[in-house]
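# Residue-level structural notes
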2 protein chains.
Amino acid sequence: MQDIADHASVNKALLHYYFTSKDKLFNIVFEQEFGNFFSSLAQVIASDQPLFEKIKKVVALDIEKLSQFPDMPIFVLNEVSRNPEVILSRLQNIPVEMVLGLFQQQINAEVERGNIRPIAAGQLLVNIQSLCVFPFLARPMLRGLMKMNEEEFKAMIQLRKNEVAEFIINGIKTN
Amino acid sequence: MQDIADHASVNKALLHYYFTSKDKLFNIVFEQEFGNFFSSLAQVIASDQPLFEKIKKVVALDIEKLSQFPDMPIFVLNEVSRNPEVILSRLQNIPVEMVLGLFQQQINAEVERGNIRPIAAGQLLVNIQSLCVFPFLARPMLRGLMKMNEEEFKAMIQLRKNEVAEFIINGIKTN
DNA sequence: GTCTATAGGGTGATAGAC
DNA sequence: GTCTATCACCCTATAGAC
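Residues numbered from 1 in each chain as written. Chains lettered and ligands numbered in written order. Predicted model: local features only at pLDDT ≥ 70, side-chain atom pairs only at ≥ 80, totals over all residues. Heavy atoms only, no water.

Looking now at the protein's contact with DNA strand C. A:Val10, A:Asn11, A:Ala13, A:Leu14, A:Tyr17, A:Tyr18, B:Met1, B:Lys12, B:Ala13, B:His16, B:Ser21 and B:Lys22 make up every residue found near DNA strand C. Within 4 Å of the protein, the atoms of DNA strand C are drawn from sugar and phosphate moieties in a proportion of 57%. Between DNA strand C and the protein, one listed contact pairs a phosphate oxygen with a side-chain N or O atom of B:His16 at 2.9 Å. Among the secondary structure elements, those contributing two or more residues to the surface near DNA strand C are α2 (12-19) of chain A together with α2 (12-19) of chain B. Ranked by residue count, the leading element in the surface near DNA strand C is α2(A), at four residues. Each residue belonging to the surface near DNA strand C can be placed in one class, and the counts come to seven nonpolar, three polar and two charged. (Near = heavy atom within 4 Å. Polar contact = N/O pair within 3.5 Å; in protein donor to acceptor, adjacent residues only side chain to side chain. Helix = DSSP H or I, 4+ residues; strand = E, 2+ residues; numbered from the N terminus. Nonpolar A, V, L, I, M, F, W, Y, C, P; charged D, E, K, R; others polar.)

Let us now look at the nonpolar core. In terms of nonpolar packing, the biggest core is built from 106 residues, with A:Val59, A:Ile128, A:Ile168, B:Val59, B:Ile128 and B:Ile168 touching the most fellow members. Excluding residues within four positions of it along the chain, A:Val59 makes contact with A:Ile128, A:Cys132, A:Lys161, A:Val164, A:Ala165 and A:Ile168. (Core = buried A, V, L, I, M, F, W, Y, C linked by side-chain atoms within 4.5 Å. Buried < 20%, exposed > 50% of the residue type's maximum accessible area, 1.4 Å probe, protein only. Contact = heavy atoms within 4.5 Å.)

The subject of this paragraph is the packing of helix α11 (residues 150-172) of chain A against helix α9 (residues 121-137) of chain B. Orientation of α11(A) relative to α9(B), taken along the N-to-C sense of each, is 65°, at an axis distance of 11 Å. The angle between the axes of α11(A) and α9(B) places the two elements in the roughly perpendicular class. Relative to α9(B), the crossing made by α11(A) is right-handed. Between α11(A), through A:Met156, A:Leu159, A:Arg160, A:Glu163 and A:Phe167, and α9(B), the contact on the second element is made entirely by B:Gln123, B:Val126, B:Asn127, B:Ser130 and B:Leu131. (Axes fitted to C-alpha atoms, helices over the stretch in contact; angles between N-to-C directions. Parallel < 35°, antiparallel > 145°, perpendicular 65-115°, else oblique. Left-handed = near helix turned anticlockwise from the far one by under 90°.)

A few words on the protein's contact with DNA strand D. Taken together, the neighbourhood of DNA strand D is formed by 13 residues, with A:Lys12, A:His16, A:Lys22, B:Asn11 and B:Tyr18 sitting nearest. Within 4 Å of the protein, atoms of DNA strand D come from sugar and phosphate in 64% of cases. A:His16 has a polar side-chain atom sitting 2.8 Å from a phosphate oxygen of DNA strand D. The contact in question runs from a phosphate oxygen of DNA strand D to an N or O atom on the backbone of A:Lys22, over 2.5 Å.

Residues and elements named next belong to chain B. The geometry of helix α3 (residues 22-34) relative to helix α6 (residues 72-82) is characterised by a closest axis approach of 11 Å and an angle of 125° between their N-to-C directions. Relative to α6, the element α3 lies oblique. In this structure, α3 meets α6 at a crossing whose hand is left-handed. Residues Phe-26, Phe-30, Glu-33 and Phe-34 of α3 touch α6, and the partners they reach there are Met-72, Phe-75, Val-76 and Glu-79. Class assignment for the residues of the contact of α3 with α6 results in six nonpolar, no polar and two charged.

Shown next, in the form of structure tokens:
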């Protein structure tokens with residue numbers, strides 16, 4: 001609260017005047033940060049597009065949003081791991097099973113056409129999110145290991161934007 | 001310190017008797033958790049094996065170690081993001097440039113033979129680590145979203161152990 | 001609305017009895 | 001070695017002046 005007050009150039013007491021408690025302030029920030037991230041993702045995945053187009057769109061959407069808020073993933077995952085129950089209640093609205101079911105149908109159709117190898121929808125989505133989100137989670141470590149400044153990190157991410165979708169599509173394509 | 005003392009069924013004072021300060025205790029735990037993880041990884045990557053074999057070995061090593069300490073990634077990344085300088089000093093020993101350089105040579109050789117598409121060594125390593133580490137980082141969220149218990153999560157990881165290496169190799173192979 | 005002052009509770013660390 | 005008691009500090013939250 002002190003840090004936030006300092007950054008806002010106001011007094012700690014004023015934060016409590018506006019937000020009542022640290023907990024309520026946190027929830028407001030969390031909702032904003034986390035926000036409709038999942039919804040917009042689910043929307044693309046459930047949409048009516050060819051599989052490869054869909055993968056490209058999800059990757060582009062992911063990297064675009066994450067580039068705007070590079071610290072969001074570690075903030076969110078951290079909070080979820082510290083307090084799983086609270087978060088889960090927020091996710092009840094998202095029809096995960098339905099979205100996964102639809103996506104699996106689309107995958108199965110492509111498999112039958114001989115275009116891709118069989119894969120579970122959940123595994124493919126985890127793969128996509130892994131490749132998009134992990135670099136942001138590991139940003140401080142990557143920057144340290146590869147001696148990158150913020151500019152170079154952003155450049156690497158932009159390179160990935162182009163490469164990751166191709167990597168995923170190749171990963172599931174039949175040879 | 002209170003939580004640790006409780007778990008250890010001893011008094012807080014005793015922790016200070018043995019570890020002097022919270023900071024020193026933390027460092028000991030961190031070194032143990034983090035430990036030779038990077039070293040053993042670098043060893044495999046710098047080793048003298050065919051590229052595809054190497055990828056399979058790294059994935060197997062990763063998932064094996066992470067399965068033993070599923071909370072390690074979020075703990076480590078969290079600490080690195082809170083305090084990058086401290087961690088970086090620990091990683092000075094690892095000859096990142098050399099390992100990356102060797103790996104890039106091996107990749108380039110396979111590209112010239114027409115076996116794989118061109119890719120930067122760093123990007124490939126990030127891809128591998130993404131696919132291996134992210135599911136553990138997102139474990140609480142995945143468990144919530146996909147309504148998995150710990151057993152089902154472990155089963156999913158075991159499935160990935162077999163699939164991720166193939167996914168990566170297909171991702172870089174020429175068609 | 002915005003501030004200062006302070007209550008109330010928790011935390012890291014130490015002193016000192018046993 | 002292991003404990004209790006306690007100090008000094010910091011943090012959330014509130015009371016009350018302006």
